[in-house]
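Report on the structure
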Amino acid sequence: SAGKSTKPPVQNVAHVLIDKDGSVRLKTPNGEQAVTLQELGLAAASWQSGQPEDSAVMIQADKALPYETVVNAMGELQKAGVKRVALGVKSAAGK
């Protein structure tokens, strides 16, 4: 169907999960690991370096978090050279 956008293949997306307590996890098709905000950029860049060019990293943060937390995560990803960063919102009820 022409004109409809399609989601990128799941294997090309890593998720940065930031919980309401501020804890950070990097979830890739190979598994999930807890990281500090300072470790996030290097961990995501390391994953992305072995992926196709169209791979992306999606930040999913609890909506109760201060916006600054999300901005800091984006900054760490950008400093490490991660390309194609997307934002998502995680409801307080869901994981």
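Quick note: structure is the one above.
Please read these numbers as outputs of a predicted model, since none were measured by experiment. (Residues numbered from 1 in each chain as written. Predicted model: local features only at pLDDT ≥ 70, side-chain atom pairs only at ≥ 80, totals over all residues. Heavy atoms only, no water.)

Scanning the protein chain for helices and strands turns up 2 helices and 5 strands. Going from N to C terminus, the protein chain has its helices and strands arranged as β-β-β-α-β-α-β. Counting only residues that meet the buried cut, the protein chain has 35% of its 95 residues in that class. At a minimum sequence separation of 6, the contacts of the protein chain that also span at least 24 residues come to 63%. (Helix = DSSP H or I, 4+ residues; strand = E, 2+ residues; numbered from the N terminus. Buried < 20%, exposed > 50% of the residue type's maximum accessible area, 1.4 Å probe, protein only. Contact = heavy atoms within 4.5 Å.)

Moving on: the nonpolar core. Core analysis: the largest hydrophobic core is formed by 19 residues, its most contacted members being Val16, Ile18, Leu40, Val57, Ile59 and Leu77. Elements represented by at least two residues in this core include exactly strand 1 (13-18), strand 2 (24-28), helix 1 (37-49), strand 4 (56-62) and helix 2 (67-79). Per-element tally for this core: the top contributor is helix 1, with 5 residues. (Core = buried A, V, L, I, M, F, W, Y, C linked by side-chain atoms within 4.5 Å.)

Below, the discussion takes up the pairing of strand 4. As a general feature of sheets, a regular strand has side chains that alternate between the two faces. Of all 7 residues in strand 4, 5 are buried; the element is thus mostly enclosed. Judged from the 6 bridges that link them, strand 1 and strand 4 form a sheet pairing that is parallel. Looking across to strand 4, one finds that isoleucine 18 is bridged to alanine 61. (Pairing = 2+ DSSP bridges.)

It is worth spelling out helix 1 at this point. Taking 1.5 Å of rise per residue, the 13 residues of helix 1 would be expected to cover 18 Å, and the 19 Å separating its terminal C-alpha atoms lies within 8% of that figure. Among the residues of helix 1, those classed as buried are Leu40, Gly41, Ala43, Ala44, Ala45, Trp47 and Gln48. (Expected span 1.5 Å × (residues − 1).)

What follows concerns unusual backbone geometry. Phi angles above zero are rare outside glycine, and arginine 84 is one such case at about 60°. When you line up the elements, arginine 84 lands in the loop between helix 2 and strand 5 (85-90).

Right, let's talk about the pattern of salt bridges for a bit. Evaluated as defined, the whole model comprises 3 salt bridges. Taking the shortest distance from any N to any O, the salt bridge between glutamate 32 and arginine 25 comes out at 2.5 Å. By relative accessible area, glutamate 32 is classed as partly exposed at 42%. As a salt-bridge pair, glutamate 76 and lysine 79 come within 3.3 Å of each other at their nearest N and O atoms. You can see glutamate 76 and its partner lysine 79 sitting in helix 2, 3 residues apart, about one turn around the helix. Salt bridges sharing common partners tie together Asp19, Arg25 and Glu32. (Salt bridge = Lys/Arg side-chain N within 4 Å of Asp/Glu carboxyl O.)

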